[in-house]
Amino acid sequence: MRITCIGGGPAGLYFALLMKKQDPRHEVTVLERNRAGDTFGWGVVFSDQTLGALREADPKTADEILQAFNHWDDIDVHIDGHSVRSGGHGFCGIGRKKLLNILQSRCEELGVKLVYEADVQDDADIDADLIIAADGLNSRIRNKYAASYQPDVDLRNCRFVWLGTEKLFDAFTFDFQKTEHGWFQAHAYRFDEHTSTFIVETPEAVWQAAGLADMSKEEGIAFCETLFAGVLDGHKLVSNASHLRGSAQWIRFPRVVCRNWVHHNGRAPVVLMGDAAHTAHFSIGSGTKLALEDAIALANDIAEEKGDLSAALDRYVATRSIDVLRIQNAARNSTEWFENVERHARLDPQQFAYSLLTRSQRISHENLRLRDHGYVERFESWLAGGDKAVPPMFTPFTLHGLTLKNRVVVSPMAQYSCVDGLPAEHHLMHLGARAMGGAGLVFAEMTCTSPDARITPGCPGLWNDEQGAAWKRIVDYVHASTTAKIAMQLGHAGAKGSTRVAWEGIDLPLDTGNWPLISASEQQYLEGISQQSRAMTREDMDRVKADFIAATRRARAAGFDWLELHCAHGYLLSSFISPLTNQRSDEYGGSLENRLRFPLEVFAAMRAIWTGPLSVRISAHDWVAGGITPQDSVLVAEAFKAAGADLIDVSSGQVSKQEKPTYGRMWQTPFSENIRNRVGIATIAVGAISEADHVNSIIAAGRADLCAVARPHLANPAWTLTEAARIGYTGIEWPKQYLSGKQQLEREFERQRAQGVAAQEQANKALGV
């Protein structure tokens, strides 16, 4: 096979040597536009896991790289005069020039043809069976065939400059400095016996305000030396980007995502690799890692498909794109964390450091424990406010005079099992079992304030005294038989009402017996299918507000510990807040302030008569252009806080069927963190929170005060007790009737953990890490 790699960076060189090693008959050429020995940048970072993959692909190259590596385990975080160190992270640093020299030498040894000063403008003259476009971030090949690759380039918000220093750091170091203009941060690590990489980063607005845009190159470096003098210990900062002048050394990171990686030019497939195909922010050190792993994956796929290049490329794109997306998602989380240091800096330095360590969501609480058990023990003791380490999810939480025994909340989950709004045996069983299951707070599903406020005929209500008495029976059971607290969520379906129960066709209108619908403006939730709602009049508003007041009084009489107002998911009050569903031209439409007017009227009326914790559920993102954004949600939360809300229950979406959410683990938690740490109000995080590790990580990092767990509680009412046993926490209280099962469950999970540790140690030994 004739293979040409455009670009002599890590991706092109490593793929070239792997293919030549795989079959010496391959004619492999690398075309590099720079001279031999030219390079830009300083050091690159790998994890121990990446080293294992390199050793498996080509032991000789891996050994040479390993001999040149500087290895460290620790991360240091410096902020506000405090330093926090954690260990066990397993990083390796190597100079970029040294890495390229090793790869170049190995290519020459194997017979790869290296051509320097070959500035490829076009692939039209390349005669090959396979062309690898590894021509970097500003790939000409990607730009030429943009219609095929469909790149999406997102310039991120921070400016950064890549510098070096002779200060030798003994840990991967993050140093944060606050100026009158805002925060700057340094990412620093040693990569050889003489030099460390030193990256300085700051948001664009701070960079502009500090005057760096108008400084010369030398002035900009001097600014950084002065700012980070405390960590540099008198050492200078230097640049090796001689081709850049003035503020051009400060760049914004471009996040590159390509829908396709292969273009067929009629002669040979042209495959993007490395930064030409995708980028990952330097804060998780994965750019070079991704490039080398791309090369390994494609070489392996070609070998597996035994020369069927078309099948190999299909396989490569199908599998490798998923792995890359995972890394890019983690990198996006990390990027956004560093773009919002001002928000995180409001945390205590201990919690700030923990938040940094877990920012990408690839490192969780239990993963940190495996890396540095002592650090996690000390942090848990600090968070619990005593000498004893307690998993964050099992620390108590007090709000408006009410103390919850832990941070786990059973989400309000629709059961559609009432007749005429009356909760009966099913709700006693459903809520009672979950209260027995260990959660600190159990929510009743959205309960409707009038018959026409229901989503379905099976929804519960609190519009008459009979319903109030039925709810009191359930509340009394929870209080008498468990140590959980119980919450009521009140809402009105609005335009999403008068539908079938979920298992008969979610959101579809009833065949018979429909009732009239109201909302902020005329609306049809499912276009052409749903019943049309009418815009509310002032008389409608007065009636609805009175219904909420009456329901609040009944919730108080029933003995509920907590009350929540549902202003999310496209229901009635949400329909006022979102511009997608509010087209009113009166004082209740237009600006966000006007759109919030009626929901705040209802909330204020409830606050006037409810003396316990009162929360509000909001949709922090409509996921539709022109809808509510995360920035808007901060203003919404501020308005409810000013009106007396104790907590914001932060969800998103379900306002429009045109929505396009980005799903994933804990995918809505960033909205909670944004509101909690910008507004200064307690929050509940929701959405794909399914493990104790998720809850512990969220609470420990200050991303929320409580975590609502939904579907896992449907599958296992005792989810909280089960997860405590799974992570080895025996201090949780069990119902006395079930105590005989506690030790057996704990022993079983202890056995599974021991087996898992043994398996991991064996795998690490096999990989040589």
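Scroll up a little and you will see the structure.
What this report covers is the structure whose coordinates are included nearby. (Residues numbered from 1 in each chain as written. Predicted model: local features only at pLDDT ≥ 70, side-chain atom pairs only at ≥ 80, totals over all residues. Heavy atoms only, no water.)

Topic: the sheet that holds strand E3 (residues 43–47)
Rule in force here: Only strands that DSSP links by at least two bridges are regarded as paired with each other. The helix count covers DSSP runs of H or I at least four residues long, the strand count covers runs of E at least two residues long, and both are numbered beginning at the N terminus. Axes here mean lines fitted to C-alpha atoms, for a helix over just the part in contact, with angles spanning 0 to 180 degrees between N-to-C directions. Residue contacts are defined here by distance: any two heavy atoms, one from each residue, within 4.5 Å place the two residues in contact.
The strand order across the open sheet formed by three strands is E3-E7-E4, and the pairing between neighbours is antiparallel. Strand pairing shows two members of the sheet lacking a second neighbour, E3 and strand E4 (70–72), which therefore form its edges. Taken pair by pair, the neighbouring strands of this sheet meet at an average axis angle of 25 degrees, ignoring direction. As paired strands, E4 and strand E7 (residues 91–95) are joined by three bridges and run antiparallel to one another. Each residue of the ladder has a partner; that of Asn70, found in E7, is Gly93. Sitting on the sheet, helix H2 (residues 48–57) is in contact with E3, E4 and E7, with an inclination near 85 degrees to E3. Against the sheet, helix H4 (residues 96–110) makes contact with E3 and E7, and its axis sits at roughly 80 degrees relative to E7, the strand it touches most.

Topic: the nonpolar core
Note the following rule: Put simply, buried Ala, Val, Leu, Ile, Met, Phe, Trp, Tyr and Cys residues joined by side-chain atoms within 4.5 Å make one nonpolar core. Only protein chains enter the calculation, and the probe is 1.4 Å; a residue is then buried if its accessible area is under 20% of its type maximum, exposed if over 50%, and partly exposed in between.
Of all hydrophobic cores here, the largest spans 81 residues; its most connected members are Trp471, Met488, Phe560, Phe598, Phe640 and Ile648. No other element matches the six residues that helix H18 (residues 538–558) contributes to this core. In terms of nonpolar packing, the next biggest core, distinct from the first, is built from 73 residues, Ala16, Val44, Ala276 and Leu292 among them.

Re the sheet that holds strand E17 (residues 269–272)
What holds strands together in a sheet is hydrogen bonding between their backbones, with the strands either parallel or antiparallel. An order of E8-E2-E1-E9-E17-E16 is seen for the six strands of this open sheet, with the pairing classed as mixed. Taken across any chain shown, the strands that pair with only one partner, and hence form the sheet edges, are strand E8 (113–115) and strand E16 (262–264). Strand-to-strand twist across the sheet, computed as the mean angle between neighbouring axes with direction ignored, equals 20 degrees. Strands in contact with helix H1 (residues 10–22) are strand E1 (2–6), strand E2 (27–31), E8 and strand E9 (130–133); relative to E2, the strand with the most contacts, it is inclined by about 170 degrees.

As for the packing of H2 against helix H3 (residues 59–68)
Describing two packed helices takes the angle between their axes plus the distance from one axis to the other. The condition is simple: For classification purposes, angles smaller than 35 degrees are called roughly parallel, those larger than 145 roughly antiparallel, those between 65 and 115 roughly perpendicular, and all remaining angles oblique. Polarity classes work like this: nonpolar for Ala, Val, Leu, Ile, Met, Phe, Trp, Tyr, Cys and Pro, charged for Asp, Glu, Lys and Arg, and polar for all others, with Gly in that last group.
With their axes 5 Å apart at the nearest point, H2 and H3 run at an angle of 140 degrees to one another. Classed by the angle they form, the pair H2 and H3 counts as oblique. Seen from H2, the contacting residues are Leu51, Leu54, Arg55 and Ala57; seen from H3, they are Pro59, Ala62, Asp63, Ile65 and Leu66. Here the contact of H2 with H3 is built from residues that sort into seven nonpolar, no polar and two charged.

Topic: the pairing of E1
The condition that has to hold: Handedness of a crossover is defined as follows: with both strands directed away from the viewer, a clockwise route from the first strand across the helix to the second makes it right-handed.
In terms of residue burial, E1 counts as a mostly covered element, since four of its five residues are buried. The pairing of E1 with E2 spans five bridges and is parallel. By the bridge assignment for E2, Ile3 is matched with Val28. Regarding the hand of the β-α-β motif, the stretch spanning E1, H1 and E2 is right-handed. In this sheet, E9 lies alongside E1 in parallel orientation, the contact comprising four bridges. Within E9, the position partnered with Ile3 by the bridge is Leu130.

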